Amino acid sequence: KAFGRHLKTLQLPSFGATDIKFYQGRIYVTVGAKDGGIVVIDPVSLTRERFIALEDARWLSPAGNNRLIALQGNPGRLHLLNPDGSLQKQIPVPGLTELFHKSTVEVQGETAYIGASDGGFLAVNLSNGSVIKQIVPPQKRTNTVSVFDKYAFVGNGEDGIGVVEIKPDQSLEHLGTLGLQ
């Protein structure tokens, strides 16, 4: 009820929103596979400021140093964006080839941790674009990743939740899996 008089409809391209982030005073929304991209919205007027075309845009993550990362599928790529939406760098990543699969990214320092769908769990160095580690579960599907302190919790669909330790030297060790019943 409190929002009722303030909400309005804003037409977004494509057919589904895949992520939303409030970043540096703007709302960023990733939308769908076909005609997808990133919509930048003014939070006061709730009007669309700009659209950044990016087919199969899946997820956004603040990345420090005034950067925002957009995760793209088909082909898998990380896009490092400046606050104005311009492209700073593009990094190809394995996986992310299946349409409409959930995929997420979290950033700690200069490392992006990615739930890369058919590419499994990835750790990617943002400075040089190298893949630090790739862990593909038996069913070959990683949907999500959440990083807390020195651990990455990896949502591997029916394979359960993988637990990965992030060592001080940024190397990774798969500690095991929390099974599902």
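Residues numbered from 1 in each chain as written. Predicted model: local features only at pLDDT ≥ 70, side-chain atom pairs only at ≥ 80, totals over all residues. Heavy atoms only, no water.

Before we go on, may I ask you to explain the overall build of the chain in this structure?
Each helix and strand counted, the chain has zero helices and 16 strands in total. Since a compact globule built from 181 residues should have a radius of gyration of about 16 Å, the 17 Å found for the chain is in line with a globular shape. Overall, the chain is about 50 × 40 × 30 Å in size when its C-alpha atoms are taken along their principal axes. Across the 181 residues of the chain, 43% fall into the buried class. Taking the contacts inside the chain whose residues are at least 6 apart along the sequence as the reference set, 32% of them involve residues at least 24 apart. Within the structure as shown, the chain displays about 9300 Å² of accessible surface, and the carbon and sulfur contribution to it stands at 54%. (Helix = DSSP H or I, 4+ residues; strand = E, 2+ residues; numbered from the N terminus. Rg over C-alpha atoms; globule rule 2.2 N^0.38 Å. Buried < 20%, exposed > 50% of the residue type's maximum accessible area, 1.4 Å probe, protein only. Contact = heavy atoms within 4.5 Å. Areas by Shrake-Rupley, 256 points an atom, 1.4 Å probe, with all protein chains shown as cover.)

Can you help me understand the nonpolar core in this one?
Soluble globular proteins: nonpolar side chains tend toward being buried together. Grouped together as the largest cluster of nonpolar side chains are 17 residues, with contacts concentrated most on Ile69, Leu78, Val93, Val105, Ala112, Ile114 and Leu126. Among the secondary structure elements, those contributing two or more residues to this core are strand E6 (68–72), strand E7 (77–81), strand E9 (104–108), strand E10 (111–115) and strand E11 (121–125). Leaving out residues up to four positions away in the same chain, alanine 112 has contacts with Ile69, Leu78, Val105, Glu106, Val107, Leu122, Ala123, Val124 and Leu126. (Core = buried A, V, L, I, M, F, W, Y, C linked by side-chain atoms within 4.5 Å.)

Would you mind going over a nonpolar patch on the surface with me for this structure?
Residues Phe148, Phe153, Ile161, Leu178 and Leu180 make up a contiguous nonpolar surface patch of about 490 Å² in total accessible area. Inspection of the secondary structure assignment puts leucine 178 in strand E16 (residues 172–178). You can call leucine 178 partly exposed: its relative accessible area is 47%. (Patch = residues over 30% accessible without salt bridge, like charges linked within 9 Å, V, L, I, M, F, W, Y side chains within 5 Å. Salt bridge = Lys/Arg side-chain N within 4 Å of Asp/Glu carboxyl O.)

What am I meant to see in the sheet that holds strand E4 (residues 48–53) here?
Where strands meet in a sheet, backbone hydrogen bonds hold them as pairs that are either parallel or antiparallel. Taking strand neighbours across the sheet as the criterion, the four strands line up as E1-E2-E3-E4 in an open arrangement whose pairing is antiparallel. Taken across any chain shown, the strands that pair with only one partner, and hence form the sheet edges, are strand E1 (17–23) and E4. Strand after strand, the sheet turns through a mean of 20° between neighbouring axes, direction not considered. Pairing of E1 with strand E2 (residues 26–31), which is carried by six bridges, proceeds in the antiparallel orientation. Looking across to E2, one finds that lysine 21 is bridged to tyrosine 28. (Pairing = 2+ DSSP bridges. Axes fitted to C-alpha atoms, helices over the stretch in contact; angles between N-to-C directions.)

Is there a simple way to explain the sheet that holds E7 in this structure?
If you walk across this open sheet you meet the four strands as E5-E6-E7-E8, and the pairing is antiparallel. Bordering the open sheet on either side are strand E5 (57–62) and strand E8 (87–92), each of which pairs with just one other strand. Across the sheet, the mean angle from the axis of one strand to that of its neighbour is 20°, orientation sign disregarded. Here five bridges tie E7 to E8, and the two strands are oriented antiparallel to one another. Counted as the bridge partner of histidine 79 is glutamine 90 from E8.

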